[in-house]
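Observations on the model geometry
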Amino acid sequence: MRRSVLLVDDEPEILELLTLFLEKEQFHIVTAQNGLEAWDYVRTRAFDLVVLDIMMPKLDGLQLLKLLRQDYKLPVILLSAKSDDSNKILGLGLGADDFIAKPFNPLEVVARILAMLRRTYEFNEPQAAKPIVEPTIEIGSLKLVGSDCALYKEGRAIQLTAMEYRILKAFMEAPGRIFTKKQLFEQVWSDFYQEDANTIMVHISRLRDKIEDQPKEPVYIKTIRGLGYRFAKREEFK
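Just so it is clear, the structure is predicted and the values come from calculations on it, not from any experiment.

Across the junction of K102 and P103, the peptide omega takes the value -5 degrees, indicating a cis bond. As for its placement among the helices and strands, P103 is situated in the loop between β5 (98-101) and α5 (106-121). The phi torsion at K58 lies on the positive side, around 70 degrees, for a residue other than glycine. Position of K58 among the secondary structure elements: in the loop between β3 (49-53) and α3 (61-71).

Spelled out as structure tokens, the structure:
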């Protein structure tokens, strides 16, 4: 299946460079040079992934990301010349799935896109020889329905991004296990662990906001100081 990627950047040279490398990988590429143009494309076409620059005219990348996350779950990779932690945390907090600082190696961007698409859509594509039936996992008041990639809390549907779903799935499949940040990153992102604790922390914080009654006093995703994170066992709720 040929995947469709929307590239959004106000620098034509970057669009041309990434298009060249991605088309070699058989992607269908659409480009936009500002946020408004990109928003029009998203509403009228189907994309598998968006690569989005932050600093743009008319509608910047963070404003566009907010609009995307209101109605769309497709993965978003942010590009930015501002590589400081606060900018990265803000973008991830708004719903981005990954962050790449400029200047970048185009081969790394291609590799990250391939990895993101593989992780995002692999559980939606049935295997011809041995169809995989994802189980339903229940812990406490949470029910993760693998066949629908959906989460319910006390019967109420909770919207998750693809990244949040994969993190929660890893936790709920191994309740009681302590995941280091490195283990969690490599299990969910697989290819690109870069000692980036902020990326993990932001996604964990967003998950807690959605599943915990009191996110600052979590009962599901607990921080184990000096080690990482642990998801509660079933018996802890009996």
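This part is about the packing of aromatic side chains. Any pair of aromatic rings gets described here by the distance separating the centres and the angle formed by the planes. On inspection of all chains with the given rule, the structure shows five aromatic pairs. With a centroid separation of 5.6 Å and 85 degrees between ring planes, the pair formed by F171 and F179 is classed as edge-to-face. Residue class for F171 comes out buried when judged on its relative accessible area of 0%. The class for F179 is buried, based on a relative accessible area of 0%. Grouped by ring-pair contacts, the aromatic residues F171, F179, Y220, F231 and F237 constitute a single cluster. We note K24 situated over the ring of F21; from NZ or CZ to the ring centre the distance is 5.6 Å.

The nonpolar side chains of soluble globular proteins are, as a tendency, buried together. Grouped together as the largest cluster of nonpolar side chains are 71 residues, with contacts concentrated most on L6, I113 and F231. The element that contributes the greatest number of residues to this core is helix α6 (residues 162-173), accounting for seven residues. Among all residues touching L6, those that are not within four sequence positions of it are V30, T31, A32, A38, Y41, V42, F47, L49, V50 and V51.

On average, the protein chain scores 85 in pLDDT, and the residues at 70 or more come to 89%. Here residues 126-132 is a poorly scored stretch, pLDDT under 50, and it has one contact once near neighbours within four places are set aside; other chains count.

Spatially, the four strands line up as an open sheet ordered β6-β7-β8-β9, and their pairing is antiparallel. Two strands in the sheet have a free side with no partner beyond their single neighbour: β6 (136-139) and β9 (156-158). Looking at each pair of strands side by side, their axes are set apart by 25 degrees on average, direction ignored. On top of the sheet, α6 reaches β6, β7 (142-145) and β8 (150-153); it is set at about 110 degrees to β7, its chief contact.

Right, let's get into the sheet that holds strand β12 (residues 228-231). Taken in spatial order, the three strands of this open sheet run β10-β12-β11, and their pairing is antiparallel. The sheet terminates laterally at β10 (178-180) and β11 (221-224), the two strands that pair on one side only. Strand-to-strand twist across the sheet, computed as the mean angle between neighbouring axes with direction ignored, equals 30 degrees. In this sheet, β12 lies alongside β11 in antiparallel orientation, the contact comprising four bridges. The residue of β12 that forms the bridge with I221 is F231. On top of the sheet, α6 reaches β10, β11 and β12; it is set at about 65 degrees to β12, its chief contact. In this fold helix α7 (residues 181-188) packs onto β10 and β12, with an angle of close to 85 degrees to the strand it touches most, β10.

Scoring rules and cut-offs
- Residues numbered from 1 in each chain as written.
- Predicted model: local features only at pLDDT ≥ 70, side-chain atom pairs only at ≥ 80, totals over all residues.
- Heavy atoms only, no water.
- Helix = DSSP H or I, 4+ residues; strand = E, 2+ residues; numbered from the N terminus.
- Phe/Tyr/Trp six-rings, centres within 6.5 Å; stacked < 30°, edge-to-face > 60°.
- Buried < 20%, exposed > 50% of the residue type's maximum accessible area, 1.4 Å probe, protein only.
- Lys NZ or Arg CZ within 6 Å of the ring centre and 35° of its normal.
- Core = buried A, V, L, I, M, F, W, Y, C linked by side-chain atoms within 4.5 Å.
- Contact = heavy atoms within 4.5 Å.
- pLDDT = per-residue confidence, 0-100.
- Pairing = 2+ DSSP bridges.
- Axes fitted to C-alpha atoms, helices over the stretch in contact; angles between N-to-C directions.

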